[in-house]
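# Overview (structure and organization)
Chain residues, written in single-letter form:
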Amino acid sequence: MQHKYNRGYTLKRFWFYAVFSLYVNVISLTCLHAGNIPGEYPTRIYPTSWIGSIPAISTSAPDQSTFEFQSFLRQQTGIFRNIYQAYYKANYSLKSATTSLYGNIEREGDFISRNRMYGNYTIYIPLSKKLKFGAGISGGLINFSMNTESQSINVNKTAIDANCGVSITSDKWFVQASIDQIPQRNIKSISSTFTYKTYYQALSRFNIVSNNRFELKGISHLLLYTDQKSEFLVGIYAAYKKTLWFGTGYNTNNRYLFMINYQWRYEQKHEINMMVGLESGSFHGIYRSSVLQAGVTYHFNNK
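Every chain is numbered on its own, with residues counted from 1 as its sequence reads. Note on the predicted model: pLDDT of at least 70 is required for a residue's local features to be given, and 80 or more for side-chain atom pairs to be given and counted; whole-chain, interface and lining totals, by contrast, use all residues. Hydrogen atoms and water are omitted, and side-chain values are computed over all heavy atoms in the structure.

With that out of the way, let us pick up the overall build of the protein chain. Working definition: helices are DSSP H or I runs of at least four residues, strands are E runs of at least two. Numbering for both runs from the N terminus. Within the protein chain, the secondary structure is distributed over 1 helix and 16 strands. Exposure is judged per residue with a 1.4 Å probe applied to protein chains only, and the accessible area is read against the type maximum: over 50% gives exposed, under 20% gives buried, and values in between give partly exposed. Considering the protein chain as a whole, with its 303 residues, one finds that 44% of them fall into the buried category. Relative to all contacts within the protein chain whose residues are 6 or more apart in sequence, the contacts with residues 24 or more apart total 51%. Carbon and sulfur atoms make up 61% of the accessible area of the protein chain, which amounts to about 16500 Å² in all. Every residue pair with non-hydrogen atoms within 4.5 Å of one another is taken to be in contact. Accessibility throughout is a Shrake-Rupley quantity obtained with a 1.4 Å probe, and a residue counts as covered only by protein chains that appear here.

Let us now look at the pattern of salt bridges. Salt bridge, as used here: a side-chain nitrogen of Lys or Arg that lies within 4 Å of a carboxyl oxygen of Asp or Glu. Tallied over the full model, the rule gives 7 salt bridges. Here R265 and E271 are joined by a salt bridge, their closest N and O atoms 3.3 Å apart. Residue classification places R265 among the partly exposed positions, given a relative accessible area of 42%. Several salt bridges share partner residues, and in doing so they unite E215, K217 and K242 into one network.

The next thing to look at is the nonpolar core. Take the buried Ala, Val, Leu, Ile, Met, Phe, Trp, Tyr and Cys residues and link them wherever side-chain atoms come within 4.5 Å; each set so joined is a nonpolar core. In terms of nonpolar packing, the biggest core is built from 11 residues, these being Y102, I112, Y118, I142, F144, M146, V155, A159, I187, F194 and Y196. Elements with a minimum of two residues in this core: β4 (112–126), β5 (132–146) and β6 (155–169). Membership of the second largest hydrophobic core comes to 6 residues, among which are Y237, A239, W245 and L257.

Here Q181, not a glycine, exhibits a phi torsion of approximately 55°, which is positive. Positioned with a positive phi, K242 is a non-glycine residue whose angle comes to about 55°. Here K242 lies in the loop between β12 (231–240) and β13 (244–251). Residue K242 is classed as partly exposed on the basis of its relative accessible area of 43%.

With that settled, consider the environment of R185. Mapped onto the elements of the fold, R185 is located in the loop between β7 (173–180) and β8 (186–188). Separated by 43 residues in the primary sequence, R185 and I142 place their C-alpha atoms 9.4 Å from one another. In contact with R185, other than residues within four places in its own chain, are A159, I160, F194, T195 and Y196.

Turning next to the pairing of β13. Burial of the side chains of β13 is restricted to one face: W245, G247, G249 and N251 are buried, whereas none of L244, F246, T248 and Y250 on the reverse face is. Examined bridge by bridge, β12 and β13 share 8 bridges and lie antiparallel to one another. Bridging from a neighbouring strand, A239 pairs with W245 of β13. Connecting β12 to the antiparallel partner β13 that follows it, the hairpin turn spans 3 residues, and K241 within it adopts a positive phi of roughly 55°. Any two strands are treated as partners once DSSP identifies two or more bridges connecting them.

Note that every value here comes from positions in space, so none of it alone points to a role or purpose.
This is how it looks when you write it as structure tokens:
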């Protein structure tokens, strides 16, 4: 589908959304509150592309509806070797490619559960024949549950959440940035408070080599927190015939990541990815450990 656009009008719209996004960033920064309460943040699950996703930006292509389901298990070593994490996520994008519904369930050990459900709306503005600008918002609910033998810290409560983000995309690279967990909701038990603090992220991916047999891509992922050390991941991953993927990366918190993934496709509509990954190094600057991660992703694309 060819996009017709007026360059002058398109640039005016681009600057409007850029200034609006900057305004939202400034407002969010001024609303941040300092404190000693550790923030609650989503678990970082690096799927086949080995890069996270921006909740507020729909990545579906135009004129397509998609369904995706992810299932991952994470097992730690070291002092937390008996604590596992189970992660499940489902995402459905409407054929307009501007609206999607998604949610995830996360279990940490036998006591903690974190669940999320969102609706997303994204607009895309063509900047040229090869570039497009995107802006998106998402809103929904987050649920935090802790069930232990100590009644003073047990909790099962739900709060609202919202995210916003922007992107610039071409056929060879993309850059995205977002503000997440904007409302900064507190979930309180009798003796404890869990805060979903606002954080910021920016990610990018670009082609280094791309042909029918071999692909090599570079990635970066920046995470800015208000209550702990920020993180920056850089890495590369390679694919042979878009079937067998290998990746490696380094996190500035002295963590190393490795991944291997096998992709199977059927009739260009069905796609299954089977991935095994290892994350090793320092966690929170306190202890050294390794996390073994294995997962399966199913993707259905209805063109």
